[in-house]
Amino acid sequence: MGVALPSQVPRRWFRHAILLAIFALLLFYLCAWSLSALSGCGSEAQSCIPKGLLPLQIQQQSGTLEAPEREEPQCLGPQGMLSRMMKPFHASLNPQGDVELSQYLAGWRELIRFLTPFGSIFAFATSEAFSKVKDLEAQVHGPDAAHYTSLVGMVAWERRAGLLERPGIAPQDSARSSGSRTMLLLHRALRWSQLCLHRVATGSRGGPDAGEQCSDAYNTALGPHHAWLVRQAAHLAFLAFPGRGRLLELACPGSREAEARAALARAAGTLEDVYNRTQGLLAERGLLQLA
Ligand SMILES: *[C@@H]1O[C@H](CO)[C@@H](O)[C@H](O)[C@H]1NC(C)=O
C-alpha cells in the first residue's frame, strides 16, 4: 500500500536518530562524571585546588600511609563509591609494568556504576562502554583465556595469531573486534573520564561549568576519533550536563565540597596512572592507530 513504502525511509532515519540520541546520552553520562575539573585549570590543576586540600595532595604524592588529619570522607572508605573504583584500577597496575585485564575491567565496571546515576545522557555513554567491557570480558574468560591475562600478553598473542585489524579499518562486527582494539576504545573513553573528573574536581568557581569542561575533554580525548554527526550529537548532549555541585554530591555524598573535590581528584589521579601505563604500552607496540 501507498502508506507502507514511504514509511520505510523515515523509519530508517528514525532509527538513526535514536542511535544518535543514545550515543549522545552515553557521552553525556561519561562527561558528567568527570565534568567538574576543567575550568581553566588545565595543566596547572593543582593551583585550582583550594589550599585546604594540600595536605591530602602531598600525602598522596609522597605515598605515605599516614592517616590524614581529618577522617576520610565516606566515598573513600571501604564501601565508598570512589574507593571501590580505585581499588581494582590500582590493582591492574602489576609490578611487571603490565596491565592486568581482569582488574582493569573490574575497575571499568565500577566506573560505569559510578556514572550511571548521572542521568540518561550518561546512560547512553555507559551502555557503549559497557558493551566493550563485556566484549573484552568474553575474551578474558573465553577459550583463549590464557592469552588474555594482561595487556602485553594479549597484544603479543593477537599479533602472532593474526587477529589484529589493519590500522584504521573497523571490523564489520564490533563484537568480533580484537581484544587490543576493544582495549584501545576503552582506553580513550578512560582518558575522557579521567580528564572530566579531574577538571570537575579542580575547576574554579565561576569558571567554565562542568558541561563545558567535559565537552572540552571530549574534544581532546574522543572527538578526533568520532564522525562529524556523532560529534554534533555529543555537543548537544553536553548542554544538558549536570552541574559541578551535583556531580560532587553524587561522587561523595554527604561530604563538604573541599573534601569531595579532593576525593574526586584522587580518583582521577588513579585513572591517570592507569591511562599513562596503558598509553605507553599501546604506543610502544604501535597500536594507537588501530581504530
Ligand atoms: C602521566 O603522563 C604525563 C605525560 O607523560 C605526565 O605529565 C603525568 O605526570 C603522568 N601522570 C601520572 C599520574 O603519572
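The structure displayed is predicted, hence computed values, not measured ones. (Residues numbered from 1 in each chain as written. Predicted model: local features only at pLDDT ≥ 70, side-chain atom pairs only at ≥ 80, totals over all residues. Heavy atoms only, no water.)

Remarks on the overall build of the chain
- Assigned secondary structure in the chain consists of twelve helices and zero strands.
- Of the regular secondary structure in the chain, the N- to C-terminal order runs α-α-α-α-α-α-α-α-α-α-α-α.
- Sorting the 291 residues of the chain into buried and exposed places 48% on the buried side.
- The contacts in the chain between residues at least 6 apart in sequence include a share of 79% that link residues at least 24 apart. (Helix = DSSP H or I, 4+ residues; strand = E, 2+ residues; numbered from the N terminus. Buried < 20%, exposed > 50% of the residue type's maximum accessible area, 1.4 Å probe, protein only. Contact = heavy atoms within 4.5 Å.)

A look at the confidence of the model for the chain
- On average, residues of the chain carry a pLDDT of 80, and 73% of them reach 70 or more.
- Per-residue pLDDT stays below 50 along residues 1-7; that stretch engages in zero contacts with residues further than four places along the chain or on separate chains.
- Note on residues 27-67: pLDDT under 50 across the span, and 151 contacts to partners over four residues away in sequence or across chains. (pLDDT = per-residue confidence, 0-100.)

Description of the environment of T202
- With respect to the helices, strands and loops of the structure, T202 is situated in helix α8 (residues 179-202).
- In sequence terms T202 and A265 are 63 residues apart; their C-alpha atoms lie 7.1 Å from each other.
- Reaching out from T202, the side chain makes a polar contact with the backbone oxygen of H198 at a distance of 2.8 Å. (Polar contact = N/O pair within 3.5 Å; in protein donor to acceptor, adjacent residues only side chain to side chain.)

Observations regarding the packing of helix α5 (residues 101-115) against α8
- Interaxial distance between α5 and α8 falls to 12 Å at its minimum, and their mutual angle equals 50°. As far as their axial angle goes, α8 and α5 are oblique. Between α5 and α8 lies a crossing of left-handed hand. On α8, the residues that touch L101, Y104, L105, W108, L111 and F114 of α5 are M183, L186, H187, A189, L190, S193 and L197.
- Taken together, the residues of the contact of α5 with α8 break down into eleven nonpolar, two polar and no charged. (Axes fitted to C-alpha atoms, helices over the stretch in contact; angles between N-to-C directions. Parallel < 35°, antiparallel > 145°, perpendicular 65-115°, else oblique. Left-handed = near helix turned anticlockwise from the far one by under 90°. Nonpolar A, V, L, I, M, F, W, Y, C, P; charged D, E, K, R; others polar.)

Side note on the packing of aromatic side chains
- Counted according to the given criterion, the structure contains five aromatic pairs.
- Where W192 meets F238, the ring centres are 5.7 Å apart and the plane angle is 85°; that geometry is what we call edge-to-face. Residue W192 is found in helix α8, and its partner F238 is found in helix α10 (residues 228-238); the two are separated by 46 residues along the sequence.
- According to the relative accessible area criterion, F238 is buried, its value standing at 4%.
- Here Y218 and F238 contribute two aromatic rings whose centre-to-centre distance is 5.8 Å and whose plane-to-plane angle is 55°, an arrangement assigned as tilted. Taken as a pair, Y218 in helix α9 (residues 210-221) and F238 in helix α10 lie far apart in primary sequence, 20 residues in all.
- Linked through ring pairs, W192, Y218, F238 and F241 together constitute an aromatic cluster.
- Stacked on the ring of Y275, the Lys or Arg R191 has its end atom at 4.4 Å from the ring centre. (Phe/Tyr/Trp six-rings, centres within 6.5 Å; stacked < 30°, edge-to-face > 60°. Lys NZ or Arg CZ within 6 Å of the ring centre and 35° of its normal.)

Here we look at the site of the ligand
- Around the ligand, the neighbouring residues are E272, D273 and N276.
- In the model, a nitrogen atom of the ligand is placed 2.9 Å from a nitrogen or oxygen of the E272 side chain.
- Relative to its unbound accessible surface of 360 Å², the ligand loses 33% to contact with the protein. (Near = heavy atom within 4 Å. Areas by Shrake-Rupley, 256 points an atom, 1.4 Å probe, with all protein chains shown as cover.)

Considerations on helix α4 (residues 81-92)
- For α4, which comprises twelve residues, the first-to-last C-alpha distance of 18 Å matches the rise-based estimate of 16 Å (1.5 Å per residue) to within 8%.
- Along α4, the residues that are buried comprise L82, S83, M85, M86, P88, F89 and S92. (Expected span 1.5 Å × (residues − 1).)

Overview of helix α7 (residues 151-160)
- By the burial criterion, the buried members of α7 are L151, M154, V155, W157 and E158. All buried residues of α7 project into a common sector of 165° when viewed along the axis, lining one side.
- Where α7 ends, the next residue or the one after it, G162, has phi of about 70°, a positive value. (Arc of directions from axis to C-beta.)

A few points about the side chain of S180
- Topologically, S180 is positioned in helix α8.
- For S180, a relative accessible area of 1% corresponds to the buried category.
- Excluding residues within four positions of it along the chain, S180 makes contact with M154, V155, E158, L164, L287 and L290.

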